[in-house]
Amino acid sequence: MPHTAQPHAPRIYGDIGLYAGNSAPELAQEISDYLGVPLSGRDLLKFPNDNIFCKLHSSARGKDVYVIQTTSAPSSDNIMELLIMLQTLKLDSVGRLTAVTPYLAYARSDKKDQPRVPISARLIADMIEVAGADRYITLDLHAGQIQGFFSIPGDVLTAFHMLSDHFLERKADMHEPVVVSADLGYAKKGRNFAAKLQVPMAFVEKRRTGPDTEAMSVIGDVDGHDVIIVDDEIDTGGSIVQACNILRQSGARDVYVSCVHPVLSDPATERLRSLDIREIIATNTVPVPPEKRLPNLTILSIAPLLAEVILRAHEGRSVGAMFNE
Ligand code: R5P
């Protein structure tokens, strides 16, 4: 039978195949709408014994497949769904398989910082590879070196441009803003944030003073300034509460918060509600249920960014060029 490949349109892989797990259906649909590629059908269910099952509705053989599954809570279920979908697709002989995990679970477990503990982020990377992924796409890893836990290539994207652009638009309404890194681990990204906004930078420093006690101080001048606290994620909200308190004691005026991943584990919503924060900006790497959508919370969608990167990966075009890199 003659083949139908078009010599003037060289293609390495077949068409894009988009699959979504159950963790972020709205984000997956937005990506699908942006690309004009429908989400492919699959059954993805749990048996009465709690085991997860996946069945594709049609063949994905030869396709360039992207599995969209964020791994926020319930993280064990979401991780297992991702792994089982990856293996199902691999066994269906896809051309290339990419795991798209906007939020990568266990990223905070990235080193042995005390005896007899795991490095779970490494385990997650290994499992994604073993399940059959050829590539991965993720956003704002808790620590850049987690990239080294993967031996497959990946695109580690950042919401930095989107978040900082938002504050650039707001800057004229703020009073002499200062960017504050709530965590020294985020200091470098905080510095980029401040540079983009062309404003000064300050740091909240936490020091352990005993087995259960911490002292906090502010490095830099926030007295009489509006502050933008930047961090990679809000989990229980404890860090934001501490940062807000010490910043206010140091004379800060209005407080704004920017974070990539709104994990919002309990009691984060109640903690954030009790703070007088002007605006909290986050992205939809983690879906926020209606009961956690505070009036001062603005969610920016990363769907256009992910969709554009998927398109470029499919066509073999530079992703760095999107950011003039
Ligand atoms: C810590 O290293 C991270 O950058 C965040 O500061 C942390 O994940 C926030 O956690 P929580 O909201 O529970 O204080």
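Analysis parameters
- Residues numbered from 1 in each chain as written.
- Predicted model: local features only at pLDDT ≥ 70, side-chain atom pairs only at ≥ 80, totals over all residues.
- Heavy atoms only, no water.
- Helix = DSSP H or I, 4+ residues; strand = E, 2+ residues; numbered from the N terminus.
- Expected span 1.5 Å × (residues − 1).
- Buried < 20%, exposed > 50% of the residue type's maximum accessible area, 1.4 Å probe, protein only.
- Contact = heavy atoms within 4.5 Å.
- Axes fitted to C-alpha atoms, helices over the stretch in contact; angles between N-to-C directions.
- Parallel < 35°, antiparallel > 145°, perpendicular 65-115°, else oblique.
- Left-handed = near helix turned anticlockwise from the far one by under 90°.
- Nonpolar A, V, L, I, M, F, W, Y, C, P; charged D, E, K, R; others polar.
- Pairing = 2+ DSSP bridges.

## Description of helix 8 (residues 303–315)
Alright, step 1. In this model, helix 8 (13 residues) spans 18 Å end to end at C-alpha, consistent with the 18 Å of a helix rising 1.5 Å per residue.
Alright, step 2. Of all 13 residues in helix 8, 10 are buried, a share of seventy percent or more.
Alright, step 3. Looking only at helix 8, the buried set comprises A303, L305, L306, A307, E308, V309, I310, R312, A313 and H314.
Alright, step 4. Each element contacted by the buried residues of helix 8 is listed here: strand 1 (16–20), helix 1 (25–35), strand 4 (64–68), strand 5 (96–101), strand 6 (135–139) and strand 7 (154–157).
Alright, step 5. Just beyond helix 8, the residue with positive phi is G316, at close to 70°.

## Observations regarding the packing of helix 4 (residues 160–170) against helix 5 (residues 187–197)
Alright, step 1. At a minimum axis distance of 10 Å, the contact between helix 4 and helix 5 shows a crossing angle of 40°. In terms of their interaxial angle, helix 4 and helix 5 are classed as oblique. The two elements helix 4 and helix 5 meet at a crossing, and its hand is right-handed. For the pair helix 4 and helix 5, the contacting residues are F160, H161, L163, S164, D165, F167 and L168 in the first and N192, F193, K196 and L197 in the second.
Alright, step 2. Class assignment of the residues belonging to the contact of helix 4 with helix 5 gives a composition of six nonpolar, three polar and two charged.

## Comments concerning the sheet that holds strand 4
Alright, step 1. On the basis of which strands lie adjacent, the open sheet formed by five strands has the order 1-4-5-6-7 and parallel pairing. In this open sheet, the two edge strands, each paired with only one partner strand, are strand 1 and strand 7. Across this sheet, the average inter-strand angle for adjacent strands is 15°, counted without regard to direction.
Alright, step 2. With four bridges joining them, strand 6 and strand 7 adopt parallel strand pairing. Looking across to strand 7, one finds that L139 is bridged to L157.

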